[in-house]
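What follows is each chain in one-letter form.
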Amino acid sequence: MYAAVVRSFDSGPKYEKIAAPAPSGEHEALAEVLAAGLHLRVRAQANGSHYTSTEELPLIPGIDGVGRLPDGKLVYFVATDNAQGSFADQTLIDLRRAVPLPADADPVLIAAAMNPAMSSWVTLRRRIQAKPGFKVLILGATGNSGQMAVQIAKLMGASQIIAAGRNPDRLRSLTQLGADVVLSLAGDPLTAARSLGEASAEVDIVLDYLWGEPAALSMLPILTRRSDRSRLLTWIQIGSMAGADAAIPSAALRSANFQIIGSGQGSVTPAGYLAEFPALIQAIAEGQLTANPIVYPLSQIEQVWKTSADSQQRIVFVPQAETDLPSF
Ligand SMILES: NC(=O)c1ccc[n+]([C@@H]2O[C@H](COP(=O)([O-])OP(=O)(O)OC[C@H]3O[C@@H](n4cnc5c(N)ncnc54)[C@H](OP(=O)(O)O)[C@@H]3O)[C@@H](O)[C@H]2O)c1
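The protein has the name Zinc-binding alcohol dehydrogenase family protein in an unreviewed UniProt entry, where Paenibacillus rhizoplanae is given as its organism.

Draft legend 1. Expanded view of the packing of helix α2 (residues 107–127) against helix α3 (residues 144–155). At a minimum axis distance of 8 Å, the contact between α2 and α3 shows a crossing angle of 45°. For the element pair α2 / α3, the angle class is oblique. Both α2 and α3 take part in a crossing whose hand is right-handed. Residues Ala113, Pro116, Ala117, Ser119, Ser120, Trp121 and Leu124 of α2 form the contact with α3, whose own contacting residues are Asn144, Ser145, Met148, Ala149, Ile152, Ala153 and Leu155.

Draft legend 2. Representation of the packing of aromatic side chains. One pass over the full model with this rule turns up 5 aromatic pairs. Ring geometry for Tyr76 against Phe277: centres 5.4 Å apart, planes inclined by 85°, an arrangement best described as edge-to-face. With Tyr76 in strand β5 (residues 74–78) and Phe277 in helix α8 (residues 270–285), this residue pair connects regions lying 201 residues apart in the sequence. Looking at Tyr76, the relative accessible area reads 1%, which means it is buried. Here the aromatic rings of Trp235 and Phe258 are separated by 6.1 Å at their centres, their planes lie at 90°, and the arrangement is edge-to-face. Here Trp235, found in strand β12 (residues 233–237), pairs with Phe258, found in strand β13 (residues 258–262); they are 23 residues apart in sequence, far enough to count as distant. An identical accessibility class is assigned to Trp235 and Phe258; each is buried. The side chain of Arg43 reaches across the aromatic face of Trp305, ending 4.8 Å from its centre.

Draft legend 3. Representation of the pairing of strand β3 (residues 28–37) within the structure. The buried fraction of β3 amounts to 7 of the 10 residues, a majority that puts the element mostly inside the structure. Of the strand pairs in this sheet, β3 and strand β6 (residues 90–94) are connected by 5 bridges, and their pairing is antiparallel. Following the sheet pairing, Glu32 is matched in β6 by Gln90. One ladder, built from 3 bridges, connects β3 with strand β4 (residues 64–68); its direction is antiparallel. Across the sheet, Glu32 pairs through a bridge with Arg68, a residue of β4. As paired elements, β3 and strand β15 (residues 314–318) share 2 bridges and run antiparallel to each other. Note on β15: the bridge partner recorded for Ala36 is Phe317.

Draft legend 4. Spatial organisation of the site of the ligand. Looking at the ligand, there are 20 residues lining it, with Thr142, Asn144, Ser145, Arg166 and Ser263 nearest. One nitrogen or oxygen atom from the side chain of Asn144 is found 2.8 Å from an oxygen atom belonging to the ligand. Computed on the free molecule, the ligand has an accessible area of 910 Å², of which 82% lies beneath the protein chains in the complex. Mapped onto the shell around the ligand, the elements with two or more residues apiece are α2 and α3.

Conventions adopted
- Residues numbered from 1 in each chain as written.
- Predicted model: local features only at pLDDT ≥ 70, side-chain atom pairs only at ≥ 80, totals over all residues.
- Heavy atoms only, no water.
- Axes fitted to C-alpha atoms, helices over the stretch in contact; angles between N-to-C directions.
- Helix = DSSP H or I, 4+ residues; strand = E, 2+ residues; numbered from the N terminus.
- Parallel < 35°, antiparallel > 145°, perpendicular 65-115°, else oblique.
- Left-handed = near helix turned anticlockwise from the far one by under 90°.
- Contact = heavy atoms within 4.5 Å.
- Phe/Tyr/Trp six-rings, centres within 6.5 Å; stacked < 30°, edge-to-face > 60°.
- Buried < 20%, exposed > 50% of the residue type's maximum accessible area, 1.4 Å probe, protein only.
- Lys NZ or Arg CZ within 6 Å of the ring centre and 35° of its normal.
- Pairing = 2+ DSSP bridges.
- Near = heavy atom within 4 Å.
- Polar contact = N/O pair within 3.5 Å; in protein donor to acceptor, adjacent residues only side chain to side chain.
- Areas by Shrake-Rupley, 256 points an atom, 1.4 Å probe, with all protein chains shown as cover.

This is the structure in structure tokens:
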């Protein structure tokens, strides 16, 4: 079979012919991979920087995908936690980490949408129980995950969605997807933090894909403008596009009913994620959530890998590619 193989964390994957793995045990199956997304998490896996990295090499990257089981059934699967990822013609699937897909589901759409979508879907259902009517600020709303968060907050009954990000075109497009207010983070960080404070003082939840300076600078401007500081504000750390660390002002934690939690692998159990997948898949398959996939044959991974990640689209690799796909 062919796979993308990482042999050093200093260089990207290479497309190589390797021996297909053999399933062992009743929970494993060798599946044909139909589509797998190049999520930011996959890049972090392939360069060894993700917090779950075991530093095991060589590794086949890819954390999830859509596969066809030997009995012909389509599944969405989360790759096993070893070095055998989904960027391959075939992969070993742990059937306990796979959920059935409707026979007419679009593998590319599911592969593009699941990772960015689960970042807010699972958060709003498993890290907190968001009640309809909640008000939410999405920090970093212009990326694939932020765009999903806008739509998912709407689906879950948010009464006000404030979407903040840098890219003006993308920000504008978020109003069509459900954002009530869009806020620019471009320009002077202190000015942006003040605007966030003015617009978001009454939110119940912050879904934070940025962390770093935007988070640290905007906490006090938001908290000090609240009409009732004893009303809970839950700040949920999901991504760290603006920095892995943030200098949290101590006064933020004293001066208001304010809690900071995180959401990701580890803070939600695998069983918790799996339990949410069927409803999320249904929402994607029914077209309730918009994703922007761009498809490449897996055989072109070396060229695609070298391009900077485009936050407007989610790259999806199709291992058994047809010839009419875009090429480099
Ligand atoms: N915990 C989870 O469950 C989970 C799941 C999925 C993703 N994530 C994390 O969420 C984050 C976003 O993922 P994604 O899939 O949305 O990535 P993406 O599609 O590549 O989008 C990244 C976004 O971040 C923005 N950005 C980058 N640096 C910024 C900065 N300094 N200030 C403001 N905006 C900035 C980019 O805006 P521009 O267009 O202006 O550059 C872009 O809109 C990543 O950290 C990812 O690891 C977490």
